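# Structural overview
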Amino acid sequence: MIYILLVIVIGCYGCKQGKSETISQIPYESKEAIKRGDVVQIGITVYNFDRFNQFITNYHKKKTDKVRITSYTIEGDPIFIDLDYDGETIEYINDNSNDAYGTKEINKVKCTKMEKKTNGQGKVEYFVSSCSKTNNYSVLSIDQRDFQYKQLKE
């Protein structure tokens, strides 16, 4: 009887471990992230930005959508931000567990708004707000002048 109980407990623990893997992705290179369709930010360059724009459009239309923003540290470590919109709330997941100098945490929070701010120097910041834990979380930050220049060159 104890043996059967032990097998059940170990089996459930294994299932739980498998589920957490879906949140915390095994790290992958930026070329792979671009191929997967991630919105990838490396320095001032953003790849697949049209995918991010589609997510924003779907948010305004109250259509469900998911998008992953992957940024890379100077050392090349990925930081994942997953946005999962159900038509009412956005689940924001920030996973810096692969960052050698990060907090090794996966933060998950529910938010109700997606916003954009532009400052006078052309910096645009997208963020989720009205969140369950704090007011807002940054999603993507670009210098609009450099970004537009990059788009024209590519």
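Here we summarise the structure given alongside this text. Per chain, residues are indexed from 1 in the order of the written sequence. Per-residue local features are limited, in this predicted model, to residues with pLDDT of at least 70; the limit for side-chain atom pairs, both in listing and counting, is 80 or more; totals at the level of whole chains, interfaces and linings are taken over all residues. Values shown for side chains rest on all heavy atoms present in the structure; no hydrogens or waters enter the calculation.

### A word on the overall build of the protein chain
Convention followed: Each helix is a run of DSSP H or I of at least 4 residues and each strand a run of E of at least 2, with the numbering of both proceeding from the N terminus. Each residue gets one of three labels from its accessible area relative to the maximum for its type: buried under 20%, exposed over 50%, partly exposed in between, using a 1.4 Å probe on protein chains only. By definition, residues are in contact when any of their heavy atoms lie within 4.5 Å. Here the open area of atoms and residues is found with the Shrake-Rupley method and a 1.4 Å probe, where only the protein chains shown may cover a residue.
Secondary structure assignment for the protein chain yields 4 helices and 8 strands. Counting only residues that meet the buried cut, the protein chain has 34% of its 154 residues in that class. Within the protein chain, contacts between residues at least 6 apart in sequence are counted, and of these 35% link residues at least 24 apart. Accessible surface computed for the protein chain: about 10,000 Å², of which carbon and sulfur atoms make up 54%.

### Quick look at the side chain of aspartate 99
Where we set the bar: Residues scored as positive are Lys and Arg, those scored as negative are Asp and Glu, and His as well as the terminal groups of each chain are ignored. Salt bridge, as applied in this entry: a Lys or Arg side-chain nitrogen positioned within 4 Å of an Asp or Glu carboxyl oxygen.
With respect to the helices, strands and loops of the structure, aspartate 99 is situated in the loop between strand E5 (90–95) and strand E6 (106–118). One buried charged residue, aspartate 99, remains without a salt bridge, the closest side chain of opposite sign being lysine 104 at 6.0 Å. The contact partners of aspartate 99, leaving out residues within four places of it in the chain, are Thr73, Asp77, Pro78, Ile79 and Lys104.

### Brief notes about the nonpolar core
Note the following rule: Among the buried residues, those of types Ala, Val, Leu, Ile, Met, Phe, Trp, Tyr and Cys that are joined through side-chain atoms within 4.5 Å form a nonpolar core.
If you look at the biggest cluster of nonpolar residues, it comprises 24 residues, and the most contacted ones within it are Phe52, Ile69, Leu83, Met114, Val128, Val139 and Leu140. Elements with a minimum of two residues in this core: helix H3 (49–60), strand E3 (65–72), strand E4 (78–85), E5, E6, strand E7 (123–131) and strand E8 (136–143). Setting aside residues up to four positions removed in sequence, leucine 83 forms contacts with Phe52, Phe55, Asp65, Lys66, Val67, Ile69, Ile90, Glu91, Tyr92, Met114, Val128 and Val139. Residues Tyr28, Ala33, Val40 and Phe80 belong to the second largest nonpolar core, which totals 5 residues.

### Observations concerning H3
Condition: What a helix is expected to span follows from its residue count: subtract one and scale by 1.5 Å.
The end-to-end C-alpha distance of H3 is 17 Å, a good match for the 16 Å that 12 residues give at a rise of 1.5 Å each. Among all positions of H3, only Phe49, Phe52, Phe55, Ile56, Asn58 and Tyr59 are buried. Positive backbone phi, approximately 60°, marks lysine 62, located one or two places after H3.

### Some thoughts on the sheet that holds strand E1 (residues 39–42)
Hydrogen bonds between backbone groups are what pair the strands of a sheet, and the pairing can be parallel or antiparallel. Stated formally: Any two strands with at least two DSSP bridges between them are considered paired. The axes are straight lines fitted to the C-alpha atoms, using for helices just the contacting stretch, and the angles between their N-to-C directions are given from 0 to 180°.
An order of E2-E1-E3-E4-E5-E6-E7-E8 is seen for the 8 strands of this open sheet, with the pairing classed as mixed. Since the sheet does not close on itself, it has two edges, and those belong to strand E2 (45–47) and E8, each with one partner. Averaged over all pairs of adjacent strands, the angle between their axes in this sheet comes to 25°, without regard to strand direction. Of the strand pairs in this sheet, E5 and E6 are connected by 6 bridges, and their pairing is antiparallel.

### Structural notes on the environment of phenylalanine 55
Relative to the helices and strands, phenylalanine 55 resides in helix H3. Given the relative accessible area of 0%, phenylalanine 55 is considered buried. As for phenylalanine 55 and lysine 66, which are separated by 11 residues in sequence, their C-alpha atoms are 7.1 Å apart. Residues within four places of phenylalanine 55 in sequence aside, it is in contact with Asp65, Lys66, Val67, Leu83, Tyr85 and Met114.

### Considering the pairing of E3
With 6 of 8 residues buried, E3 lies mostly within the body of the structure. Hairpin connection from E3 to E4: 5 residues lie between these consecutive antiparallel strands, with glycine 76 at a positive phi of about 95°.

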